[in-house]
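Geometric and topological summary
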Amino acid sequence: MEHIGFPVETVIIFVAVVAFSLFLDLYAHRKEEATTLRSACLWSLFWVALSVAFGIYLYIHHSPEMASLFFTGYALEKVLSVDNLFVMMAIFSWFAVPGQYRHRVLYWGVLGAIVFRGIFVAIGTELLSFGPYMELVFAAIVGYTAVMMLKKRDEDEEIKDYSNHVAFRLVRRFFPVWPRLAGHNFFLHRSQALAESERDGVPIEGLGRRCAYAATPLFLCLAVIEVSDVMFAFDSVPAVIAVSREPLIIYSAMIFAILGLRSLYFVLESLSGKLLYLEKAVIVLLFFITFKLLLSGVNHIFGIGFDISPNASLVIVLGVLAVGIAASLIKMRSQTPESRN
């Protein structure tokens, strides 16, 4: 297999495209208004087109195999993110965050995800240098996630109380907490919080902490989302590493997928409850990745079996995703208007 390492030209192009994309997204959504389904769909198409353009660049300047690895990792990260997005919906609902502020929280959440994905990719690819036995460890991690998702589907879970979340408790430990939203602000200056508290008779939790700023519920929401995404990365990074050992391919595939998550969130929020079989597709793909890692590990350790090629992996990932979406759409069309509601 070709090893591309970190070619300077490709790294510069990747960093420039990501930086421009973040600036463009921030500029385009500078007005605080709820994102419509039409706008979310158009932006989702834009992010997919941008990712395809980068994949074509890899195809032309490196090799078809590198492009195939990128597209496989991209599609896998995208579909695995679906479960995480549903968790974000629950978090937003619990914190009662209005629609016009959700994109702001997701934007900063994506910046955190870019940093943490880089750390996890560096650690994961380095761990694989210890030998093929690490592939079996990664297979166990991904397989465990698949089993937990399968079990969760059979349970009627109550709405989670995020006041017990580790991120929530950590913020309250270091900052006074303003008990209600203050527009799009993550923090209020202590003097402003005290003035509003005296005027409106609103108590400030943890006022005795000597801190210049008080955290708002919007920052608590962001902290919970960031930590939840870090936990999600423990599952998704090993799955994408199963596709390729190239850090640049893994990281670029994950980041391009993450760039489109904000738009995908609003699409899924609008279609929530309609894509009934999408989560099943995620579970199937997790079991496929587990099988792929086991095959690769056994082949490298004992010389038995074979590795699944990048092209075959891409076909399987896209095929399972397409079947999940198609089955959901067919199911949705077969339902009566009353049952859809």
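Residues numbered from 1 in each chain as written. Predicted model: local features only at pLDDT ≥ 70, side-chain atom pairs only at ≥ 80, totals over all residues. Heavy atoms only, no water.

**Considering the pattern of salt bridges**
Stated precisely, the cut-off is as follows: For this analysis, a salt bridge means a side-chain nitrogen from Lys or Arg found within 4 Å of a carboxyl oxygen belonging to Asp or Glu. Numbering of helices and strands runs from the N terminus; a helix is a DSSP stretch of H or I covering at least four residues, while a strand is a stretch of E covering at least two. Working definition: with a 1.4 Å probe on protein chains only, accessible area under 20% of the residue-type maximum means buried, over 50% means exposed, and in between means partly exposed.
A full pass over the atoms with the stated rule returns three salt bridges. Across the pair Asp25 and Arg262 runs a salt bridge, and its minimum N-O distance is 2.6 Å. Of this pair, Asp25 sits in helix α1 (residues 8-28) while Arg262 sits in helix α10 (residues 261-270), placing them 237 residues apart in sequence. Accessibility classification places Asp25 together with Arg262 in one group, the buried group. For Asp229, the salt bridge identified is with Arg117, shortest N-O distance 2.8 Å. Residue Asp229 is located in helix α8 (residues 217-241), and its partner Arg117 is located in helix α4 (residues 99-128); the two are separated by 112 residues in the primary sequence. Like Arg117, Asp229 is buried. Because the salt bridges share partners, they merge into one network encompassing Glu77, Arg117 and Asp229.

**Focus on the packing of aromatic side chains**
Quick reminder of the rule: Here the aromatic set is Phe, Tyr and Trp, taking the six-membered ring for Trp, and pairing holds for ring centres within 6.5 Å; pairs whose planes are under 30 degrees apart are stacked, those over 60 apart are edge-to-face, and all others are tilted.
A complete count under the given rule lists 24 aromatic pairs for this structure. Here the aromatic rings of Phe23 and Tyr27 are separated by 6.3 Å at their centres, their planes lie at 20°, and the arrangement is stacked. Within this pair, Phe23 and its partner Tyr27 are both found in helix α1, separated by four residues, close to a single helical turn. Judged by its relative accessible area of 54%, Phe23 is exposed. Overall, the relative accessible area of 48% leaves Tyr27 in the partly exposed class. Taken together, a centroid distance of 5.5 Å and an interplanar angle of 65° make the contact between Phe70 and Phe71 edge-to-face.

**Comments concerning the side chain of His165**
Selection criterion: Polar contact is defined as a pair of N or O atoms within 3.5 Å, subject to the rule that within protein one atom must be able to donate a hydrogen and the other to accept it, and that residues adjacent in sequence are counted only when both atoms are side-chain atoms. The criterion used for residue contact is that any of the two residues' heavy atoms lie within 4.5 Å.
Examined against the element boundaries, His165 turns out to sit in the loop between α5 (133-152) and α6 (166-174). Residue His165 is classed as buried on the basis of its relative accessible area, which comes to 11%. Among the polar contacts made by the side chain of His165, one reaches the main-chain amide nitrogen of Ala167 at a distance of 3.0 Å. For His165, the residues in contact, after removing those within four places along its chain, are Val224, Val227 and Ser228.

**Here we look at the packing of α6 against α8**
Going by this rule: Between N-to-C directions, angles span 0 to 180 degrees; the directions come from axes that are lines fitted to C-alpha atoms, helices contributing only their stretch in contact. Note on angle classes: values under 35 degrees are labelled roughly parallel, values over 145 roughly antiparallel, values of 65 to 115 roughly perpendicular, and the remainder oblique. Here a crossing is taken to be left-handed if its near helix is turned anticlockwise relative to the far helix by less than a right angle, and right-handed if that turn runs clockwise.
Orientation of α6 relative to α8, taken along the N-to-C sense of each, is 135°, at an axis distance of 8 Å. Classified by the angle their axes make, α6 and α8 are oblique. Remark: the crossing between α6 and α8 carries right-handed chirality. Within the contact between the two elements, α6 uses Val166, Ala167, Phe168, Val171 and Arg172 and α8 uses Phe219, Leu220, Ala223, Val224 and Val227.

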